[in-house]
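# Summary of structural features
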Amino acid sequence: MKALKTLLSLLTVCALLFAAVPGNAKTAAESGRGLHSAVAIDDDPEGGYTGDYVVICNPSENVYDGLSTGSLAGRINTQVEGSSSVIPVLDETRKVLIDVDGELMEETRRIYGKKELVHNPVKADYPVGSTKDFYIGYRNPDGSAGDITFKVLYVGANCRIWTPVGTGSNGNYYPLDGIDESYAKSAADAFDSKFDLMIESYGGFFDMNDDGKINLMFYNVEDGWSPSTGGGYVGGYFSANDFYNANKLPMIHIDTYPGVFNGETSSITDCYSTTVHEFQHLINFSNTYGWMATWLNESLSGSAEELCFPGDALVLRIVSWHNYYYISRSRTEYEYSPSVDLHTGASLTDWSGSLAQYGEVLLFSQYLYTRFGSTEIFKKIIQNGYNTSDQYSFEALKAATGLSMDTLWRDFFTSMIANCREYNLGFNLNEGYTPEGHYDLEDPYSLLCPVVYTGSGPVIIYGGGFITVKTLDGVFVPPENADPNLKYIGVDLDPENPPPPPPAGLLGDADGNGAVEAADALLILRYSMGIIGDEGIHLENCDYDGSGRIDATDALLVLRKSMGII
């Protein structure tokens, strides 16, 4: 009888699928406590789009799909509010991290394709003091690819700390124990303290040596950096080649010069965020063989930094997104930079590795963390990204979230402007954030302000890209020659008569797993028919149409939402 009722329930939902949807059906999602107390959204084209700002986005999955806004001259407000009380956080001579993981991943794809990983039959033990020759093919401090002898300085619960023997013929190795003998244990303890959290949030790694340990290689990753010139340096990297070449170990390379020692002072803590960033890349490759799109892979590595060391990445990357070298406690908006492609409609997914792009992809992962309530969403994305190409990383996202890219793009870009958690259009802080060491900011997201386009256009916006404009007298009317496939969202911040916030939880997520799926529709239908009681069902998420009752119409709407129809 139970199986028959389940079948009847499924048939009922399928029959309802193509029925008419009530005109007052509406969507909602998680809510929290936001920096803006409320927000009103206007996506109805009639009479123009109202609000303080309008987000113009291209929801296409095609990075080459450029859509024109038409001329914006005379249609937008081009005045940007000023700033005061600035706090410098960056300068032109500061050492700046350069990320090379995308470059190395492309090389691995080209050389190895989807070549299977195999366990190392040696299962070697490497106690403290043991040595081994490792092939360093990328940015070798000797100046050319070749073997360097490393020794084990410390063995932690989940890692080994290696560093070169001696300083090398040119004195360029900068071994970790030559900087400070206590650093090896500190680095191991820091990694071990985050290991379980990383595995829980992103998945397991390919343990080639069957010993449960990651090998952390500390040496000078040659990048041309010097105290006199400053500038960019490679803080570390993960190379999948280490799985395939003679090294045959899961390895993360960490820079010691200037990553740990800058020629005058040293700090082992400076490399901690880099280590977990690269560990995500290693986990990601272990599960996807490197076939996750670079932008999404980097987004997840950014989330690892923020997960393990809340605030450390976020403050600087919000500043980078704005394209400024300071933070302000009073500024409310920034003028776009014509030299920053992302400010002028470039796709988030067209990876260039700019500082602004690292800022935006980190915010994207934080948006996912906020919307789905936990880091479990990151593991789901990786699990669904196996054996995919760049384009199919969209499929991994859709499978993990239960949402269309149209919805994800729209809500994420709107969140960048609304910054309002209470209305599911903002960003939550990771657990453990403290203002100390972060400019005494109670909430780093207070720094995130709209980047406003003040040109005359037309602007070509590519798939996965957006711009923000200020309205004239509170309304924006698109030009008649604007591409009809562009999406517009009016955003009114802290309106006088705000709409009620959405209910707590993800609307439609009846089973509370963080996504809206067909199983939720079935659960709602069974509850509405009296087949099941309220045990195990999140009733606060089930009244999808806001009618005050839970019935078959809610089940229909949830099913259609799960299929991307609405």
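Residues numbered from 1 in each chain as written. Predicted model: local features only at pLDDT ≥ 70, side-chain atom pairs only at ≥ 80, totals over all residues. Heavy atoms only, no water.

### Considerations on the overall build of the protein
- Scanning the protein for helices and strands turns up 14 helices and 21 strands.
- Here the C-alpha atoms of the protein give a radius of gyration of 25 Å, agreeing with the 24 Å that 2.2 N^0.38 yields for 566 residues.
- A total of 566 residues make up the protein; the buried ones form 54% of that total.
- The contacts of the protein with a sequence gap of at least 6 include a subset with a gap of at least 24, amounting to 77%.
- Per element, the accessible surface of the protein, about 22,800 Å² overall, is 49% carbon and sulfur.
- With 35 positive and 75 negative side-chain charges, the protein shows a separation of 5 Å between the mean positions of the two kinds. (Helix = DSSP H or I, 4+ residues; strand = E, 2+ residues; numbered from the N terminus. Rg over C-alpha atoms; globule rule 2.2 N^0.38 Å. Buried < 20%, exposed > 50% of the residue type's maximum accessible area, 1.4 Å probe, protein only. Contact = heavy atoms within 4.5 Å. Areas by Shrake-Rupley, 256 points an atom, 1.4 Å probe, with all protein chains shown as cover. Lys, Arg positive; Asp, Glu negative; His and termini not counted. Charge placed at Lys NZ, Arg CZ, Asp CG, Glu CD.)

### Some remarks on the sheet that holds strand β9 (residues 146-155)
- Reading across the sheet, the 6 strands line up as β8-β9-β10-β11-β14-β13 and stay open at both edges, with mixed pairing between neighbours. Across the chains shown, the open sheet's two edge strands, defined by having one partner strand only, are β8 (131-136) and β13 (236-237).
- As paired strands, strand β10 (residues 159-164) and strand β11 (residues 214-219) are joined by 4 bridges and run parallel to one another. Bridging from a neighbouring strand, isoleucine 161 pairs with leucine 216 of β11.
- Helix-sheet contacts for helix α6 (residues 272-288) involve β11, β13 and β14 (251-255), and the interaxial angle to β14 is about 150°. (Pairing = 2+ DSSP bridges. Axes fitted to C-alpha atoms, helices over the stretch in contact; angles between N-to-C directions.)

### Quick look at the packing of aromatic side chains
- Enumeration over the complete set of coordinates arrives at 41 aromatic pairs.
- With a centroid separation of 6.3 Å and 40° between ring planes, the pair formed by tyrosine 174 and phenylalanine 261 is classed as tilted. A residue pair is termed long-range when its members are at least 10 positions apart, and tyrosine 174 in the loop between β10 and α3 (176-179) and phenylalanine 261 in the loop between β14 and α6 qualify at 87 residues.
- On the accessibility criterion, tyrosine 174 (24% relative accessible area) is partly exposed. (Phe/Tyr/Trp six-rings, centres within 6.5 Å; stacked < 30°, edge-to-face > 60°.)

### So, the environment of arginine 560
- By secondary structure assignment, the location of arginine 560 is in helix α14 (residues 552-562).
- Of the residues examined, arginine 560 reaches a relative accessible area of 15% and is grouped as buried.
- Considering only alpha carbons, one finds arginine 560 and alanine 521, 39 residues apart in sequence, at a separation of 8.9 Å.

### Remarks on the environment of proline 59
- Mapped onto the elements of the fold, proline 59 is located in the loop between β3 (53-58) and β4 (66-68).
- Residue classification places proline 59 among the buried positions, given a relative accessible area of 13%.
- Between the alpha carbons of proline 59 and alanine 187 there is a distance of 43 Å; along the sequence they are 128 residues apart.
- With residues up to four places along the chain from it excluded, the contact list for proline 59 reads Asp406, Trp409, Asn485 and Lys487.

### Observations concerning the confidence of the model for the protein
- Looking at the protein as a whole, its pLDDT mean stands at 87, while 90% of the residues score no less than 70.
- Every residue in residues 1-34 is under pLDDT 50, and counting partners more than four places away or in other chains gives 72 contacts. (pLDDT = per-residue confidence, 0-100.)

### Side note on the pairing of strand β21 (residues 487-493)
- Of all 7 residues in β21, 5 are buried; the element is thus mostly enclosed.
- In the sheet, β3 pairs with β21 via 5 bridges, with the strands oriented antiparallel. In the sheet register, isoleucine 56 faces β21, and the bridge partner there is tyrosine 488.

### Regarding the side chain of aspartate 255
- Looking at the secondary structure, you find aspartate 255 in strand β14.
- Given the relative accessible area of 0%, aspartate 255 is considered buried.
- In this structure the side chain of aspartate 255 is engaged in a polar contact, spanning 2.9 Å, whose partner is the backbone nitrogen of valine 221. (Polar contact = N/O pair within 3.5 Å; in protein donor to acceptor, adjacent residues only side chain to side chain.)

### A look at the packing of helix α13 (residues 518-528) against α14
- One way to put it is that α13 packs onto α14 with a least axis distance of 8 Å and a crossing angle of 175°. The orientation of α13 with respect to α14, classified from their angle, is roughly antiparallel. For the pair α13 and α14, contact is made by Ala518, Asp520, Ala521, Ile524, Leu525 and Ser528 and by Ala552, Asp554, Ala555, Val558, Leu559 and Ser562, respectively.
- Classifying every residue of the contact of α13 with α14 gives 8 nonpolar, 2 polar and 2 charged. (Parallel < 35°, antiparallel > 145°, perpendicular 65-115°, else oblique. Nonpolar A, V, L, I, M, F, W, Y, C, P; charged D, E, K, R; others polar.)

### Some thoughts on the packing of helix α9 (residues 355-372) against helix α10 (residues 376-384)
- Closest axis-to-axis distance for the α9/α10 pair is 8 Å, and the angle between their directions is 115°. When the interaxial angle is binned, α9 and α10 end up roughly perpendicular. Along the contact surface, α9 presents Ser365, Leu368, Tyr369 and Phe372, while α10 presents Ile377, Phe378 and Ile381.
- Taken together, the residues of the contact of α9 with α10 break down into 6 nonpolar, 1 polar and no charged.

### What about the nonpolar core?
- Ranked by internal contacts, the top residues of the largest apolar core, which has 135 residues, are Phe279, Trp295 and Leu368.
- Here leucine 368 is in contact with Gly373, Ile377, Phe378, Ile381, Leu397, Thr401 and Leu408, once residues within four sequence places are set aside.
- Core analysis: the second largest hydrophobic core is formed by 19 residues, Ile136, Ile148, Val234 and Met251 among them. (Core = buried A, V, L, I, M, F, W, Y, C linked by side-chain atoms within 4.5 Å.)

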